[in-house]
Amino acid sequence: MKLLTKVILSLVLGLSSLTTFAQTKLTGTVVDETDKSKLSNATVMLLQAKDSILVNFTRANQDGKFSLNNPDTSDYLLIVSYPKFGDYFQEIAKGSGDKNLGELALQSSANLIEEILITGKIPVVIKGDTVEYDASSFVTEKNAKVEDLLKVLPGISVDASGKITAQGKTVEKVLVDGEEFFGDDPTLVTRNIRSDMVDKVQVFEKKSEDAERTGVDDGQRIQTINVKLKEDAKNGMFGKLEGGGGMDDNSGYYLGKVALNKFNGSRKISAFGITSNDGTTDLGWQEAEKFGIANDNVTMLDDGGIMISGGGSFLSNTNRGQPRAITAGVSFMDAWKEKKHKLNLNYKYGQAENEINTNTISQTPLADGISNSEFDNSDVSKSTGHRFNTKYDFAIDSLTTLTLRVAASKMNGENDTYRKGNSFKNGELITEDERSQKINTSNDNFNYDANFTRKFAKEGRSINLKFTGNNGKTQGDMLLNSKLNNVVAGTENVIDQFKDNSNNSSSIMAAATYTEPISKKVNMSVGYEYTNSKAHSINSAFNKDAAGNYTEFDSEFSNDFNFNTVRNAANLSVNYKAEKLEFNLTNNIRHDDMFQRNNLADNSMSRDYLTYNPRARLRYNISKAKSLNLSYNRSNQLPSLFQIQPLKQNEDQMNQYFGNENLKPSVSNNYNLNYYWYDMMKGKGLYSGLGFTQTLGAIQTDVIVYENLKRELYYVNTDKAMTNGYLYGGYNFNLIKKHQIKMNVGLNGSLNNYYNMIKDLSDPANPREFEENKNVSYNFSGDIGFQKSTTKGFDFYVSFSPGYRVLNTTLNPELNSEGFTFDTYGRFTYFLPKKFQITGDLNYEYEAPTKALPSSFSRLKFSPGIQKKFLKNESLIANFYVNDVFNQNVGFSRSQSGQGITQQRYNNIARYYMLKLTWEFTSMKGAE
């Protein structure tokens, strides 16, 4: 804590000292040369005369007046611009001091006859809904990446994980010259492409693919960055080699990376490979989701399909334990015949091994006390994965386009798990539980789709045809040994089984949408969709025979299901779009026909559901920099096969689930409101939002607790509404504009409220009937942060996030969990002479003790380092750093479900020492 206090005080004092630096001001008034009328909101920029690098900028107020800070350390060029007027230029000599420039008269472009204006480079330009930055007007280090460039652009911020926020919104997609680069992982662009190859950076809200194809605005937007390369940077090769190793005999940590990129006009070929055991190969959640399969589960997909899977997953849980992983990939993009044809191919491979040790404490409220358990779990896993994607775009003519996609993946996983734990009632030991599992799984998946769009001469009229398909196959086996000892009754139950599982699934979907303009501002579209999904799942359990072989079929824990779903859906959509107001209303009526056959029991069951799912969006554009958005969405969630008729399992003897054939779809009404305002020229903005979801007939589990604390869980539709809500807000601004120090303040909160019933039979002398248990959880947290990213002197980012969290149940409120939380994160870079840098990352977390969980948690992780750049072009970097100096990096989490409150602790990568060498190489002319 002393170290943390010193770091915080140093940062605060450093911020305070910066305000004492001297500065001068430039003032003036912008007017129309003809009639001397004031030109409000004119853009005023100050550039270095020697290289046109932007130093400062502002806008004139309603009276045309402006005031601009002048560092007064060099010669500058003042540029004033205003739409439909010629630009004004004036040189500002070094040592001018405070200076009133008087009236700066701009001449209307209508009066500029045969005159030539040399405008130079404009650092920031707003083109409609797009903000465009000139990359050469902003300073970055040599060999910096796109990520480093983004950090110094006004209105854009990047956190330690690579997450980008632009104009207050999270960036979900990063393009290169308008095309996807290596799929949709933004960090493969921002951390791979050099900033000196970039000409422009564009920020805009990208419409959905369907909206772009049909011309019908469905209201969906994705905050997007497009990186436009210099023309002479589109030919050549660049890349990186990186290697590191532990500096002591005990750590054994290593890291190796190679990346190669070859550009030739529209043709781009890229490859990368990473191997490490220090956690740096962890893929983002989007990539992990693409490669992974879930733990043993049966899921009813939203499109009516079924997914039955088991075992480990590709690169699963690499944020826990001590993963050893390899990832590699290659990407190819090209376009020809004036970009009528476009092709995008990529392949990825991954292999991971990991060992995760987890301690879990769970507490379930009872009518007259509490049932709690504690167990230790060890999971040793190995997984490999291959994934291939291809996309082909064909512009048949100026009005007709066809897009084809094919994706295939193959995954294999091995898991060896061991769990041992005890269950207590009011502190008395009731049962001892021990279990080991050896699981092997394989999963093959193949997806394809075609999208055809035909536009007509009448603007806004179009027809869109779509066809998609999927084929999947999952196979797995498990060796299960489980022992449950009832201490009170003196009984023991042992399970020794071999399980063989397989699942085959297929689905097709065909859809057509026709769009017709009603007026310049209104259009309507009508669509139809047909989906047919089929799945066959076989789960066979075998006990040992007299010879010790697993040959005796166990029908109780075996099943053979066919599960088919046919969906017919119709859509009617109305869109209104004006300069200030945008509105969309989509009506969706869906009929799902579900058929299930139990082949072992020789019986079948069918269900059909007719649901109405409307969606409405309203956007009011107060100005180009201010908007108010309101949306409503009603959705119906069908019960899954597992919830209707669970595939009976005995892996966990303490918990047994039971299906409910009478389950109905749950209905959720979701409301969202958000407000956004950003003043790019002043570098400040406000964003806020709130949302509320009410779920009627929510599918929850009622619980029966028996004398030995075994639990039976029954799926039901609750008769009380489940509610979820959230709110967020933030304000960011330039704290000290001259030194590019930014500050942000924010607030976040969430609320969850749902019900279930608990029947307590743990005391035979006093059995209880079902009693209502209301589960309430909410948390609030504030945030205050400071940031400076100039690649000079001392750069830093520090944030403080105090909060309060509550996990409550009404059945036994004396054992609720509520308490104070605190999180602090900081990073810094100190640029020294001789190309040296000192760096550091610091994170402190605290969780207060609660009634249910009486132990507090605190963790201070500090990772300092020093690096040195070599060679004239600074392309060789040596970096020495220490991960987790204080050796405190222990994983921790607290959560709540309908069955109680859970706390977990798990192992993470802790202290090690690393020496890393990085070599950046390039033959690109645009990379200087």
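Before any of the text, the structure's been laid out above.
This write-up is about the structure you can find in this document. Residue numbers restart at each chain and count upward from 1, following the sequence in its written direction. With the structure being a predicted model, the display of local features is reserved for residues of pLDDT at least 70 and the display and counting of side-chain atom pairs for 80 or more, all residues being used for whole-chain, interface and lining totals. With hydrogens and water stripped out, all remaining heavy atoms of the structure feed into the side-chain values.

## Let's talk about the overall build of the protein
Broken down by element type, the protein carries six helices and 51 strands. Remark: exposure states derive from per-residue accessible area (1.4 Å probe, protein chains only) relative to the maximum for the residue type, with buried under 20%, exposed over 50%, and partly exposed in between. Out of the 928 residues belonging to the protein, those deemed buried represent 47%. The contact rule is simple, with two residues in contact once any of their heavy atoms fall within 4.5 Å. A sequence separation of at least 24 residues applies to 64% of the contacts in the protein between residues at least 6 apart. To be clear on the numbers: accessible area is Shrake-Rupley with a 1.4 Å probe, and residue cover counts the displayed protein chains and nothing else. Roughly 43400 Å² of accessible area belongs to the protein as shown, and the carbon and sulfur atoms make up 53% of that amount. Labels follow the DSSP assignment, with helices taken as runs of H or I lasting at least four residues and strands as runs of E lasting at least two, numbered in each case from the N terminus.

## Comments concerning the nonpolar core
Leu150 and Ile225 are the most contacted members of the largest nonpolar core, which has 33 residues in total. Definition of nonpolar core: a set of buried residues of the types Ala, Val, Leu, Ile, Met, Phe, Trp, Tyr and Cys, connected through side-chain atoms within 4.5 Å. Residues Ala42, Phe66, Val80 and Leu106 belong to the second largest nonpolar core, which totals 17 residues.

## Some thoughts on the sheet that holds strand β1 (residues 24-32)
Pairing between strands is defined by DSSP: at least two bridges between the two strands are required. In space, the three strands of this open sheet follow the order β4-β1-β7, with mixed pairing throughout. In this open sheet, the two edge strands, each paired with only one partner strand, are β4 (65-70) and β7 (99-106). When strand polarity is set aside, the average angle formed by the axes of neighbouring strands in this sheet is 25 degrees. Inspection of the sheet shows β1 paired to β7 by six bridges, in the parallel sense. Looking across to β7, one finds that Leu26 is bridged to Lys99. Think of each axis as a best-fit line through the C-alpha atoms, taken over the contacting stretch in the case of a helix, with angles from 0 to 180 degrees between the N-to-C directions.

## Describing the side chain of Gln837
By the element assignment, Gln837 lies in strand β46 (residues 836-847). Residue Gln837 is classed as buried on the basis of its relative accessible area of 6%. Once residues within four sequence positions are removed from consideration, Gln837 is found in contact with Glu141, Thr829, Tyr830, Phe831, Gly865, Ile866, Gln867 and Lys869.

## Notes on the pairing of strand β23 (residues 341-366)
Of the pairings in the sheet, the one linking strand β22 (residues 324-336) to β23 comprises 13 bridges and is antiparallel in character. Opposite Phe332, over in β23, you have Leu345 as the bridge partner. Hairpin connection, β22 to β23: the antiparallel pair is bridged by four residues, and Lys337 has positive phi, about 55 degrees. Looking at chain direction, β23 and strand β24 (residues 369-397) are connected through 26 bridges and run antiparallel.

## Here we look at unusual backbone geometry
Although it is not a glycine, Asp602 adopts a positive phi angle of roughly 55 degrees. Among the secondary structure elements, Asp602 is positioned in the loop between β32 (581-598) and β33 (603-612). Note on Asp602: relative accessible area 54%, which makes it exposed. Here the phi dihedral of Lys834 falls at roughly 60 degrees; this positive angle occurs in a residue that is not glycine. Tracing the chain through its elements places Lys834 in the loop between β45 (817-832) and β46. Since its relative accessible area comes to 66%, Lys834 is described here as exposed.

## A closer look at the pattern of salt bridges
By salt bridge we mean one thing: a side-chain nitrogen of Lys or Arg within 4 Å of a carboxyl oxygen of Asp or Glu. Tallied over the full model, the rule gives 26 salt bridges. With its nearest N and O atoms 2.8 Å apart, the salt bridge here joins Lys438 to Asp416. Linking Lys438 in strand β26 (residues 428-455) with Asp416 in strand β25 (residues 400-425), this pair joins segments that are 22 residues apart in sequence. What makes Lys438 partly exposed here is its relative accessible area of 44%. Judged by relative accessible area, Asp416 falls into the partly exposed class, the value being 33%.

## Some thoughts on the environment of Phe658
Its place among the elements puts Phe658 in strand β36 (residues 655-658). Put simply, Phe658 and Ile644 are 14 residues apart on the chain and 8.3 Å apart in space, counted from C-alpha to C-alpha.

## Remarks on the pairing of strand β44 (residues 794-809)
A regular strand carries its side chains on alternate faces of the sheet. Buried residues dominate β44, accounting for twelve of its 16 residues. Relative to β44, strand β43 (residues 770-788) runs antiparallel, the two sharing twelve bridges. Bridge pairing in β44 places Ser781 opposite Gly803. Between β43 and β44, which follow one another and run antiparallel, lie five residues, and Thr791 among them has a positive phi close to 60 degrees. Relative to β45, β44 runs antiparallel, the two being bridged by 14 bridges. Bridge assignment links Val806 to a residue of β45, and that residue is Glu818.

## Thoughts on the sheet that holds strand β3 (residues 54-59)
Strands belonging to one sheet form pairs held by backbone hydrogen bonds; the direction of such a pair is parallel or antiparallel. Spatially, the four strands line up as an open sheet ordered β3-β2-β5-β6, and their pairing is antiparallel. If you trace the sheet from one side to the other, it starts and ends with β3 and β6 (88-92), each paired once. Within the sheet, the average angular offset between the axes of one strand and its neighbour, ignoring direction, is 15 degrees. Across five bridges, strand β5 (residues 76-81) lies against β6 in antiparallel orientation. When the sheet's bridge partners are listed, Ile79 is paired in β6 with Phe89.

## Here we look at the packing of aromatic side chains
Geometry of aromatic contacts follows a simple scheme: Phe, Tyr and Trp rings, the Trp one being its six-membered ring, pair when their centres are within 6.5 Å, and the pair is stacked under 30 degrees between planes, edge-to-face over 60, tilted otherwise. Applying the stated criterion to the full structure yields 23 aromatic pairs. Where Tyr657 meets Tyr715, the ring centres are 5.9 Å apart and the plane angle is 25 degrees; that geometry is what we call stacked. Highlighted residues: Tyr657 in strand β36 and Tyr715 in strand β40 (residues 711-717), separated in sequence by 58 residues. Every member of this aromatic cluster is reached through a ring pair, and the members are Phe794, Phe796, Phe828 and Tyr830. Put simply, a charge is over a ring when the Lys NZ or the Arg CZ is close to the ring centre, within 6 Å, and near the line of the ring normal, within 35 degrees. Arg454 extends its terminal NZ or CZ atom over the ring of Phe456, reaching a point 5.9 Å from the ring centre.

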